[in-house]
Protein chains: 2
Amino acid sequence: MEEQKLEVVNKPTVNDIARVAGVSLATVDRVLNRRPGVRAVTIQKVQKAIDELGYIRDTAAANLARRRVYNFLFVLPDTDNEFVEALSNQIAEQSRNQFIERTRTSIQKVTPFEPQDIVEILDAVDGREVDGVAVFGPETPSVRDAVKRVRDKGIPVVAMVSDLPSSDRDHFVGIDNVSAGRTAAHLMGRFVHQRGKVLVLTGSRLARDHLERRQGFDLVVAEDFPHLEVVASVEGRDDPELIYKMMPEIFDSYPDLVGIYSSAAGNAGLIQFLTESKVSEELVIIAHELTPLSREALCMGTFDALISQDSGHIIRSAVRLLRATSDGVPFNRAQERIRIDIYLKENLPP
Amino acid sequence: MEEQKLEVVNKPTVNDIARVAGVSLATVDRVLNRRPGVRAVTIQKVQKAIDELGYIRDTAAANLARRRVYNFLFVLPDTDNEFVEALSNQIAEQSRNQFIERTRTSIQKVTPFEPQDIVEILDAVDGREVDGVAVFGPETPSVRDAVKRVRDKGIPVVAMVSDLPSSDRDHFVGIDNVSAGRTAAHLMGRFVHQRGKVLVLTGSRLARDHLERRQGFDLVVAEDFPHLEVVASVEGRDDPELIYKMMPEIFDSYPDLVGIYSSAAGNAGLIQFLTESKVSEELVIIAHELTPLSREALCMGTFDALISQDSGHIIRSAVRLLRATSDGVPFNRAQERIRIDIYLKENLPP
DNA sequence: ATTTTTTTGAGGAGCGTACCTCAAAAACGT
DNA sequence: ACGTTTTTGAGGTACGCTCCTCAAAAAAAT
């Protein structure tokens, strides 16, 4: 038995800073809140005291005094896609805790794959009403510039699910999609025993996340699994009906199809086709996102594995990052890292 | 584009309760903090007002006024096991944020598989100094009773990693280990192509988590993978050296070994043996917990998959649950669910 | 050296809650 | 109806911080 105790140090307060810096509380306050009318030398004195004491502002007390409420805007594609629905629900869930978290969220839904909509909404964002924006959208030049304009107004922006690296969004909340594609490929390669062709069902060429998944998938199949051949990918536009209609032709073209990687949304169409047409049980299907539908397909054995990202985690993380950015305080990188979840029928959450 | 805005409602405060209930602030305070000297009828009046208003106590303000600091005690086995080390580091990390989170943590390390040590420590817990206890230990009758005694003192207890369901611990923070074993079996069954024997390397018969994993593993192999046969499991006592010494004999006994499920700790010994002895590349190895060592083994191809649980998530969750229990406030079940993480070399975190 | 401008200090009110004291009111026992 | 006990109310102080005002001091400009 070995004990490890912490020495109890009193938390330094604004009054301590004032005392140590030899200035008044008012001056400390001016410095802390970047109010004007303080000489550079004085600012330095205060800063020195802050550093010496290791002062950390009590955000809870500050927010109480300020009666601060964070208003965050979420921009999501307006589809009946289960994953987007899950995100919406999680955002609503956040709002339910608005009193506890001092955070109010609102959602703006935009026509999918329609950058102009996003641009309009971003340009309409008012810094007096909105303290942060989270965007799930395609990485186009116009979106990129609109994000820049929002940030120029001093409003933090995070990209969700699909990154916007060329804009200078403050953070990206989501998985590494190249890695997700690689993971899918690895599972595919190890689940499929015989040689044959593999199809990648993608969503849109505009969606960065879809492109990245495809890219990762191809790389790993090429590197590690010579028994597989990835055929030209098919764009399903996240549309179940379209996907359903396309499937027969695909199976006709590739009689030696051994696997499908459904890297985007619209799983309903795929599932419908698979259950109706009684394809080989050997066919390995790997899809994305754990939703009621994909979960059932996994349980029934229609799907073999799911690559997923936790919608609750994504939304909570987006909120925490927007709050931290808005307050200019650090955050825990590890906590905000969204994991690439792999679901088999054996490790489904209850 | 479709907008969804929230009506802005003012957060009800204690003063609102007093007004609505037609009593004084002092009385509301007495009721809220369960202070004596209030008639049952008055308590009901206040409670009614609370319900009507949907009042939620502002914990931040309350903790400020109380100058509350949460003191949590973590009881961990004293091993040089990487996973336990990761937990310790995460606990220390929590303490680093003690000013922000108003949470102070301390760690007590106990001799592994030695219930008496845990009992002593639990019995020494003082309610004036400790606001909650998190225990990672074996489920023995004496531990169970000691946990009960701690709870009888009004101190919340959570079990970490390995559950103590027979004690009435407030919560369990960790994965479903039966499910983890099932997951390992599923991967094993699908990764191994030819028929052969599979070995389960376990830790201790006392550890509930190890037992559960074994159980889940056996079930799924029996159900779904007739080409595999699970042989009698070997107890490694989480000891790398012991495991290293045992391996040659095992390989001699089972020339047709196709897979190893290392369900406990002590991976270092296994890795050392595998790299030295150049066993077949076909041999599938699935181990537990992502650590520097197991990570490297996965990258090198020595391990084929890892079943893991996020140590950061576990500690943060334990702290949040202890805090919530101690305050008597609800918590977000989904957020506190620890996932069974599957790592392949393609989805390792950066 | 005087005026003007800038910088600083002192102090107070308030955020939502806790906790304390003292007196007044209500309920109770006889 | 009396005293006694219990219950309630009024008010204050505090937590750590924000934000405001007004006056005093210091620095800069003339």
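Since the model is a prediction, treat every value here as computed from it, not as a measurement. Per-chain numbering applies: the sequence of each chain, read as written, is numbered from 1 onward. Written order decides the labels, with chains lettered from A and ligands numbered from 1. Owing to the predicted nature of the model, reporting of local features is limited to residues with pLDDT of at least 70; listing and counting of side-chain atom pairs is limited to 80 or more, with chain, interface and lining totals taken over all residues. Note that water and hydrogens are dropped before the side-chain values are worked out from all heavy atoms of the structure.

Enquirer: Where do I start with the domain arrangement of chain A in this structure?
Expert: It is common to give the size of an interface as the accessible area that goes away when the parts come together. Note that domain bounds follow an automatic or database assignment of domains. Split by domain assignment, chain A resolves into domain 1 (14–56), domain 2 (69–174 + 311–338) and domain 3 (177–308). Its C-alpha centre places domain 1 of chain A at a distance of 59 Å from the equivalent point of domain 3 of chain A.

Enquirer: Could you clarify how one ought to interpret helix H8 (residues 141–152) of chain A in this entry?
Expert: Because each turn of an α-helix spans 3.6 residues, side chains separated by three or four positions end up pointing in the same direction. Residue and element names in this part refer to chain A. Taking 1.5 Å of rise per residue, the twelve residues of H8 would be expected to cover 16 Å, and the 17 Å separating its terminal C-alpha atoms lies within 8% of that figure. To sort residues, take the accessible area from a 1.4 Å probe on protein chains only and compare it with the maximum for the residue type: under 20% means buried, over 50% means exposed, and anything in between is partly exposed. Only DSSP runs of H or I covering at least 4 residues are called helices, and only runs of E covering at least 2 are called strands; the numbering of each starts at the N terminus. Along H8, the positions that sit buried rather than exposed are Val143, Ala146, Val147 and Val150. Relative to the axis of H8, the buried residues are bounded by an arc of 105 degrees and lie together on one face. Opposite the buried face of H8, by more than 90 degrees, sit the exposed residues Pro141 and Asp152. Note on contacts: a residue pair is in contact if any heavy atoms of the two residues lie within 4.5 Å. If you follow the buried residues of H8, they end up packed against helix H7 (115–124), strand S4 (132–135) and strand S5 (157–160). In the stretch just after H8, Gly154 is the one whose phi turns positive, near 90 degrees. Between the first and last residue of a helix there are one fewer steps than residues, each counted as 1.5 Å, and that sum is the expected span. Directions pointing from the helix axis toward each C-beta atom define the arc.

Enquirer: So what exactly am I meant to see when it comes to the pattern of salt bridges here?
Expert: When charged atoms on two side chains of opposite charge get close, those side chains can pair. Within this document, salt bridges are pairs made up of a side-chain nitrogen of Lys or Arg and a carboxyl oxygen of Asp or Glu, the two lying within 4 Å of each other. For the structure on display, the rule yields 58 salt bridges over all chains. Note that Asp58 of chain A and Lys11 of chain A form a salt bridge whose closest N and O atoms lie 3.1 Å from each other. Separated by 47 residues along the polypeptide, Asp58 of chain A in the loop between helix H3 (40–53) and helix H4 (59–66) and Lys11 of chain A in the loop between strand S1 (2–4) and helix H1 (14–21) bring together distant segments of the chain. Arg213 of chain B serves as the salt-bridge partner of Glu289 of chain B, at 3.7 Å between the closest nitrogen and oxygen.

Enquirer: Mind showing me how you'd approach the interface of chain B and chain A here?
Expert: Taken together, the contact pairs 61 residues of chain B with 59 residues of chain A. Summed over both sides, the interface between chain B and chain A buries roughly 5700 Å², with carbon and sulfur atoms accounting for 51% of that surface. Linking chain B to chain A there are twelve salt bridges. The salt bridge partner of Asp58 of chain A is Arg102 of chain B, with a shortest N-O separation of 3.2 Å. Think of a polar contact as two N or O atoms within 3.5 Å of one another; within protein, one of them needs to be a possible hydrogen donor and the other a possible acceptor, and neighboring residues in sequence only count if both atoms come from side chains. Taken together, the links from chain B to chain A amount to 15 residue pairs in polar contact (both at pLDDT 80 or more). We call Asp, Glu, Lys and Arg charged. Ala, Val, Leu, Ile, Met, Phe, Trp, Tyr, Cys and Pro are nonpolar, and the rest, Gly among them, are polar. Of the residues contributing to the side of chain B that touches chain A, the split by class is 24 nonpolar, 15 polar and 22 charged. Buried area is understood as the total, over both parts, of accessible area removed when two parts are fitted together, assessed with a 1.4 Å probe.

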